[in-house]
Amino acid sequence: MTVVQIDRLDRFAQGVSTVGSTAGASIAVRGALPGDTITDGINDEASPHRVTPPCQHFGTCGGCIAQHMSATLYQQWKHDLVIRGFRDHGLSPSIEPLVIVPPRSRRRAKFSVTAKELGFHAPADTKVIDLAACPVVTPRIEAALPKLRAIIAAIGAPTAETRISVADLDGGLDVVVTDLKTELTAKRLTALANLAAAAGLARLTVGTDTIVTRTQPRLVTSAGAIPLAPDGFFQAVAEAEQAIVTAVLAGLPPKVKRIADLFAGTGTLSLPLARLARVLAADTEKAALDSLVQATRNTQGLKPVETLRRDLFREPLSPKELEPFDAVVLDPPYAGAKAQCEKLAASKVKSVIIVSCHPGTLARDVKILIDGGFDLNRVTPIDQFVWSNHVEAVAVLRRA
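Below: a short report on this structure. (Residues numbered from 1 in each chain as written. Predicted model: local features only at pLDDT ≥ 70, side-chain atom pairs only at ≥ 80, totals over all residues. Heavy atoms only, no water.)

**Topic: the packing of aromatic side chains**
Following the criterion strictly, the structure yields three aromatic pairs and no others. Consider the rings of Phe111 and Phe120, whose centres lie 5.1 Å apart with planes at 35°: the pair is tilted. Classification of Phe111 by relative accessible area gives buried; the value is 0%. Note on Phe263 and Phe313: the rings are 5.4 Å apart at their centroids and 55° apart in plane angle, and the pair reads as tilted. One end of the pair, Phe263, is in the loop between strand E16 (258–262) and helix H6 (270–274); the other, Phe313, is in the loop between strand E18 (305–309) and helix H8 (319–322), with 50 residues separating them in the sequence. When its relative accessible area of 10% is taken as the criterion, Phe263 is described as buried. (Phe/Tyr/Trp six-rings, centres within 6.5 Å; stacked < 30°, edge-to-face > 60°. Buried < 20%, exposed > 50% of the residue type's maximum accessible area, 1.4 Å probe, protein only. Helix = DSSP H or I, 4+ residues; strand = E, 2+ residues; numbered from the N terminus.)

**Notes on the pattern of salt bridges**
By the definition in use, this model includes 18 salt bridges. The partner of Asp174 in a salt bridge is Arg203, with the nearest N and O atoms 2.7 Å apart. Placement of the pair is Asp174 in strand E11 (residues 172–178) and Arg203 in strand E12 (residues 203–206), with a sequence separation of 29 residues. Since its relative accessible area comes to 4%, Asp174 is described here as buried. On the basis of relative accessibility, which here comes to 5%, the residue Arg203 falls in the buried class. Two residues, Arg310 and Glu315, come together in a salt bridge whose shortest N-O distance is 3.8 Å. Residue Arg310 is classed as buried on the basis of its relative accessible area, which comes to 11%. (Salt bridge = Lys/Arg side-chain N within 4 Å of Asp/Glu carboxyl O.)

**Considering helix H9 (residues 338–345)**
Inspection of H9 places Gln340, Cys341, Leu344 and Ala345 among the buried residues, and these make up the whole buried set. End-on, the buried residues of H9 take up no more than an arc of 140°, which puts them together on one face. (Arc of directions from axis to C-beta.)

**A word on the pairing of strand E19 (residues 327–330)**
Of the two faces of E19, the one holding Ala327 and Val329 and the one holding Val328 and Leu330 are both buried throughout. With four bridges joining them, E16 and E19 adopt parallel strand pairing. Its bridge partner lying in E19, Leu262 is registered against Leu330. (Pairing = 2+ DSSP bridges.)

**A few points about the sheet that holds strand E7 (residues 108–113)**
An order of E9-E8-E7-E10-E11-E12-E13 is seen for the seven strands of this open sheet, with the pairing classed as mixed. Either end of the sheet is taken by a strand with one partner, and the two such strands are strand E9 (128–130) and strand E13 (209–213). Within the sheet, the average angular offset between the axes of one strand and its neighbour, ignoring direction, is 30°. For E12 and E13, the ladder comprises four bridges, and the chain directions are antiparallel. Bridge pairing links Leu204 to Val212 in E13. Where helix H4 (residues 186–199) meets the sheet, it contacts E12 and E13, and its direction lies at approximately 45° from that of E13. (Axes fitted to C-alpha atoms, helices over the stretch in contact; angles between N-to-C directions. Contact = heavy atoms within 4.5 Å.)

**Details of the sheet that holds strand E3 (residues 15–17)**
The strand order across the open sheet formed by three strands is E2-E3-E4, and the pairing between neighbours is antiparallel. Here the strands that pair on one side only, and so sit at the sheet edges, are strand E2 (8–9) and strand E4 (27–29).

**As for the packing of helix H1 (residues 71–87) against helix H10 (residues 359–371)**
Each pair of packed helices can be summarised by the angle the axes make with each other and by the distance between the axes. Axis separation between H1 and H10 bottoms out at 8 Å; the angle between their running directions is 40°. Between H1 and H10, the interaxial angle falls into the category oblique. In terms of crossing hand, the pair formed by H1 and H10 is right-handed. Here Leu81, Val82, Gly85 and Phe86 of H1 come into contact with H10, specifically with Pro359, Gly360, Leu362, Ala363 and Val366. (Parallel < 35°, antiparallel > 145°, perpendicular 65-115°, else oblique. Left-handed = near helix turned anticlockwise from the far one by under 90°.)

**Things to note about the side chain of Asp10**
As for its placement among the helices and strands, Asp10 is situated in the loop between E2 and E3. With no salt bridge to any partner, buried Asp10 finds its closest opposite charge in Arg84, at an N-O distance of 5.9 Å. Engagement of the side chain of Asp10 in a polar contact is seen with the backbone nitrogen of Phe12, the distance being 2.9 Å. Within the structure, the side chain of Asp10 is placed 2.8 Å from the side chain of Gln14, a separation counted as a polar contact. Excluding residues that lie within four positions of it along the chain, Asp10 makes contacts with Val16, Ala28, Trp77 and Arg84. (Lys, Arg positive; Asp, Glu negative; His and termini not counted. Polar contact = N/O pair within 3.5 Å; in protein donor to acceptor, adjacent residues only side chain to side chain.)

**A closer look at unusual backbone geometry**
Non-glycine residue Ala13 carries a positive phi angle of around 65°. What makes Ala13 buried here is its relative accessible area of 2%.

**A look at the environment of Asp88**
By secondary structure assignment, the location of Asp88 is in the loop between H1 and E7. For the pair Asp88 and Ser318, spaced 230 residues apart in sequence, the C-alpha separation works out to 28 Å.

**Details of helix H3 (residues 145–155)**
Within H3, the full set of buried residues consists of Leu145, Leu148, Ile151, Ile152, Ala154 and Ile155. Count one or two residues on from H3 and you reach Gly156, which has phi positive near 85°.

**Observations regarding the environment of Ala154**
When you line up the elements, Ala154 lands in helix H3. Taking C-alpha positions, Ala154 is 38 Å from Ser222, a pair spaced 68 residues apart along the chain. Excluding anything up to four places from it in sequence, Ala154 contacts Arg188, Leu192 and Leu195.

In short, geometric facts, not functional conclusions.
This is the structure in structure tokens:
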């Protein structure tokens, strides 16, 4: 008889036990929680932290891995993900309490599709789970699932790589279908335009072709409205975006005059920063910077915003180019901003704020800055990606 007692969670929300293992190794059990006792593969003593998942697809859909946790355990696990990320790089900062966002708040999602299914992949599988409901996305996206299926059916013949992205924006849903090999005949274009109108979509784009635009989709922020290009990037949850902006603004030095917003995207940070100081917004995506330029033209009360199109991975701003700035804000993608942080460490910039969706790369970049003479003042974790093992964080650093 093999008895396994689960005492902790790993990064992937698997229950971990060292009881019954050999040579100090651990046993990871998918779906198990601390307090579970498993005898010969059967859970005969349930954890007090186990709750009923709110979604009928939990366990088969790979989109969520933590719906079975109590709120207390879940928040502690998310907080620990940030702690572990820093610990792996030899750092042990004090981490602020986790900022919570509500379910049904994710305003953008990318679904996989087949001839019959629309949803997310099963865990560690290529199978697509056909979603009847989703408690993560906004009610408007959830209600649109049958309409999205009708659009895919009208296009026809999705491939294994076909995706359909949906953004819930001011003006309606912005839908983009990518990696589809079907030819868009005149008959199909007419059918798609009719379906988009019947579904009340703001815009429908297939590949690089915009089929119909009923109204310009806009991202409305606390600092202004940003007109978005199809599949334009923005923070997934409005409440998380506001928490990020709050943490960034609170981390700025007093009387700041010039700020560099690197990996600026469409400018969800550039706009609020420009209410305080002159801003250089740098990003590699032309469409994103074009959206930011339009937003600055239509927003009152901003200080000048200059844009720079540049691949900051291959050509980060040099220490000389960084000299004019009182503060630098970075919001890089998952891979982080190693090259740019090396340049910042060698610069005279006194204040750096990093927004990151990956605690590991965030901690790596923070370590580079600390080795370059910075102190880490504050780390704020934000639960933007509900029930997943992803967590947003904002780190504030000052040169010692």
